[in-house]
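What follows is the residue order along each chain.
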Amino acid sequence: MSRSEQLFSQAQQHIPGGVNSPVRAFKGVGGNPVFIQSANGSRITDADGKQYIDYVGSWGPMILGHNHSAIRNAVLKAVENGLSFGAPCETEVEMAALVSRLVPSMQQVRMVSSGTEATMSAIRLARGFTARDKIIKFEGCYHGHADCLLVNAGSGALTLGQPSSPGVPADFAKHTLTATFNDLASVEALFEQFPSDISSIIVEPVAGNMNCIPPNADFLSGLRELCDRFGALLIIDEVMTGFRVALGGAQAYYGVTPDLTCLGKVIGGGMPVGAFGGRADVMAHLAPLGPVYQAGTLSGNPIAMAAGIAALSELQKAGTYERLNEVAHTLAQGFQQAADDAGIALTTNQVGGMFGFFFTEETKVTNFTQSCACDQERFKRFFHLMLEEGIYLAPSAFEASFTSTAHSDSDIEITLAAAKRCFAKL
Ligand code: PMP
């Protein structure tokens, strides 16, 4: 029995399913999860000493590679001054100013400790500001596990929300309307049905939770226009795309201005951090200025702020986004070529430092239904073959893969050579 297997068996005795977040359990691909012992640069090492080239990057935050010295040093320095104050500190101000400068639509910023908190709080604020209860989300988009966002209408774009987990009251879920990603007509129909009840649209600007699906050319600007027409707020959830597809996030990449933005992952440099922010007049409705309540004991934690500031400072260096894009582009192209050579039906999507591949005959995947129709069994086999080769991909066909500035040309070559062998075995 490997050390990972031993640890997983122990973990299952003490932790539900042996994991602290479900996708880690390898349910989507079968088999036992690999327990990670350490991580450095583009590599992670498991509890049995096997090394992998990592394209998960802790699900995004390791955009500069694991254990980056600038972040590690900033954390060590901050630790000397104490771990948490529960009172204002200078680094939170620096962090908020930095985020506002890099993402100008975030005129004011509130720090939280996870992406879930960011989206949950942004929705409450949008509801409080507009005095409307309903929200629109998109099928296949994930925004964390707050009740109102854990809703998936299934097939029909016009269906009222059905909870996607027991424990979410249907009375809550009914306020969540679900539309189809990349289908403006499905959104417009909801606004026409509920013209004065919809507080906001929340969207992943590049969907990363149904594999990787970019927006069609007019999709995000069309959402902006519909929100303006019907008096709703546009919330762009950049928990995955923020500081990843471009320094200013997907909103800079696609040139669309939201009312509110949610951030997470990347802005913590690996520490538990999230943030939401936007129009100053909307943010002024938050406590203690306004009546919409939102709080957090560890929000703006000094260690997390130090890590985040270091990460964002590094990301501003010349060439960062060119490199993230180049690595992802080369990998996506390389996967496509290797699959074509092996006669395996595959298509890829890529935006900046995120990419995805789909086992399908379709030439383009643009929504959740198409993503679901892909060959999941093939994905599972490919995932495990790559894992054996020492390539760690996301253990789910519904997650995007991430690149980092630490991925070298040699990492790419090794990955593509492995992919070639694995496609040939499928
Ligand atoms: N929004 C998006 C787009 C996400 O991808 C995620 C997590 N993958 C979240 C929100 C929730 O973030 P967290 O897991 O930090 O709560």
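Within an unreviewed UniProt entry, the label attached to the protein chain reads Glutamate-1-semialdehyde 2,1-aminomutase, and the organism entered is Alginatibacterium sediminis. In the Sequence similarities (unreviewed entry) part of its UniProt record, the protein chain is described as follows: "Belongs to the class-III pyridoxal-phosphate-dependent aminotransferase family. HemL subfamily."

**Q** So what's going on with unusual backbone geometry? Which residues, and what values?
**A** The peptide bond linking Ala 287 to Pro 288 adopts the cis configuration, its omega dihedral lying at 10 degrees. Residues other than glycine seldom take positive phi values, yet Lys 265 does so here, at roughly 35 degrees. As for its position among the elements, Lys 265 is in the loop between β9 (260-263) and β10 (274-278).

**Q** Break down the site of the ligand for me, citing the residues and quoting the values.
**A** The ligand sits among 16 residues. The nearest are Ser 114, Gly 115, Thr 116, Gly 144 and Val 239. Of all the elements, helix α4 (residues 115-130) adds the most residues to the shell around the ligand, at three residues. Across the shell around the ligand, the residue classes break down as four nonpolar, ten polar and two charged.

**Q** Any chance you could break down the packing of helix α6 (residues 184-193) against helix α7 (residues 219-230) for me, citing the residues and the numbers?
**A** Interhelical geometry of α6 versus α7 gives an angle of 10 degrees and a closest axis separation of 10 Å. By the criterion of interaxial angle, the relationship of α6 to α7 is roughly parallel. Counting all contacts with α6, which are made through Leu 184, Val 187, Glu 188 and Phe 191, the residues of α7 involved are Phe 219, Gly 222, Leu 223, Leu 226 and Phe 230. The residue makeup of the contact of α6 with α7, split by class, is seven nonpolar, one polar and one charged.

**Q** Which residues make up the sheet that holds strand β3 (residues 51-54), and what values do they have?
**A** Within a sheet, adjacent strands bond to each other through the backbone by hydrogen bonds, running parallel or antiparallel. Judged by pairing direction, the sheet is mixed, and its four strands sit side by side in the order β1-β2-β3-β13 without closing on themselves. Lying at the two open borders of the sheet, with one neighbouring strand each, are β1 (36-40) and β13 (391-392). As judged from the four bridges shared by β1 and strand β2 (residues 43-46), these two strands associate in the antiparallel manner. Bridging across to β2, Ala 39 finds its partner in Ile 44.

**Q** Account for the UniProt feature "modified residue: N6-(pyridoxal phosphate)lysine" (unreviewed entry) in the protein chain, naming residues and giving values.
**A** Residues annotated in UniProt with the feature "modified residue: N6-(pyridoxal phosphate)lysine" (unreviewed entry) correspond here to Lys 265. Judged by C-beta crowding, with 27 C-beta atoms within 10 Å, Lys 265 ranks as buried. Excluding anything up to four places from it in sequence, Lys 265 contacts Trp 59, Gly 60, Pro 61, Gly 115, Val 239 and Met 240.

**Q** Give a detailed account of the environment of Met 210, specifying residues and quantitative values.
**A** Of note, Met 210 is situated in the loop between β7 (198-203) and α7. Taking the C-alpha atoms as reference, Met 210 lies 21 Å from Ala 339; in sequence the two are 129 residues apart. Setting aside residues up to four positions removed in sequence, Met 210 forms contacts with Gly 140, Phe 368, Ser 371 and Phe 398.

**Q** Requested: an account of the sheet that holds strand β8 (residues 233-237), with residues and values cited.
**A** The mixed open sheet is built from seven strands, whose spatial order is β4-β10-β9-β8-β7-β5-β6. Only two strands of the sheet have a single partner each, and these edge strands are β4 (108-112) and β6 (176-179). Ignoring which end each strand starts from, the neighbouring axes of this sheet average 20 degrees apart. Note that β4 and β10 share five bridges and pair antiparallel. Looking at β10, one finds that Met 111 is bridged to Ala 275.

**Q** Go over the domain arrangement of the protein chain, please, and point to the residues and values.
**A** With domains assigned, the protein chain is organised as domain 1 (3-67 + 318-425) and domain 2 (69-315). In this structure, domain 1 and domain 2 have C-alpha centres spaced 25 Å apart. Mapped by element, the contributors of at least two residues to the side of domain 1 that touches domain 2 are α11 (320-342), β11 (347-351), β12 (354-358) and α12 (368-372). Here the side of domain 1 that touches domain 2 takes four residues from β12, the largest share from any one element. Here the side of domain 1 that touches domain 2 is composed, by residue class, of 15 nonpolar, twelve polar and one charged.

**Q** Any details on the confidence of the model for the protein chain? Residues and values, ideally.
**A** With 97% of its residues at a pLDDT of 70 or more, the protein chain shows a mean pLDDT of 95. Across residues 153-159, where pLDDT falls below 50, the model places 16 contacts with residues more than four positions away in sequence or in other chains. Our summary of model confidence lists the complex with pTM equal to 0.97 and ipTM equal to 0.99.

**Q** Explain helix α3 (residues 90-102) residue by residue, including any values.
**A** The periodicity of an α-helix, 3.6 residues per turn, causes residues three or four positions apart to be oriented the same way. Taking 1.5 Å of rise per residue, the 13 residues of α3 would be expected to cover 18 Å, and the 19 Å separating its terminal C-alpha atoms lies within 8% of that figure. Among the residues making up α3, those that are buried are Thr 91, Glu 92, Met 95 and Val 99. Mapping the buried residues of α3 onto a view down its axis gives an arc of 100 degrees, with all of them on the same face. The exposed set on the far side of α3, more than 90 degrees from its buried face, consists of Glu 90, Val 93, Ala 97 and Arg 101.

Rules used in this analysis
Residues numbered from 1 in each chain as written. Predicted model: local features only at pLDDT ≥ 70, side-chain atom pairs only at ≥ 80, totals over all residues. UniProt positions renumbered as here; feature names shortened; annotations may be inferred. Helix = DSSP H or I, 4+ residues; strand = E, 2+ residues; numbered from the N terminus. Near = placed C-beta within 6 Å. Nonpolar A, V, L, I, M, F, W, Y, C, P; charged D, E, K, R; others polar. Axes fitted to C-alpha atoms, helices over the stretch in contact; angles between N-to-C directions. Parallel < 35°, antiparallel > 145°, perpendicular 65-115°, else oblique. Contact = placed C-beta atoms within 7 Å. Pairing = 2+ DSSP bridges. Buried ≥ 20, exposed ≤ 12 C-beta atoms within 10 Å, placed from the backbone. Domains from an automatic or database assignment. pLDDT = per-residue confidence, 0-100. Expected span 1.5 Å × (residues − 1). Arc of directions from axis to C-beta.

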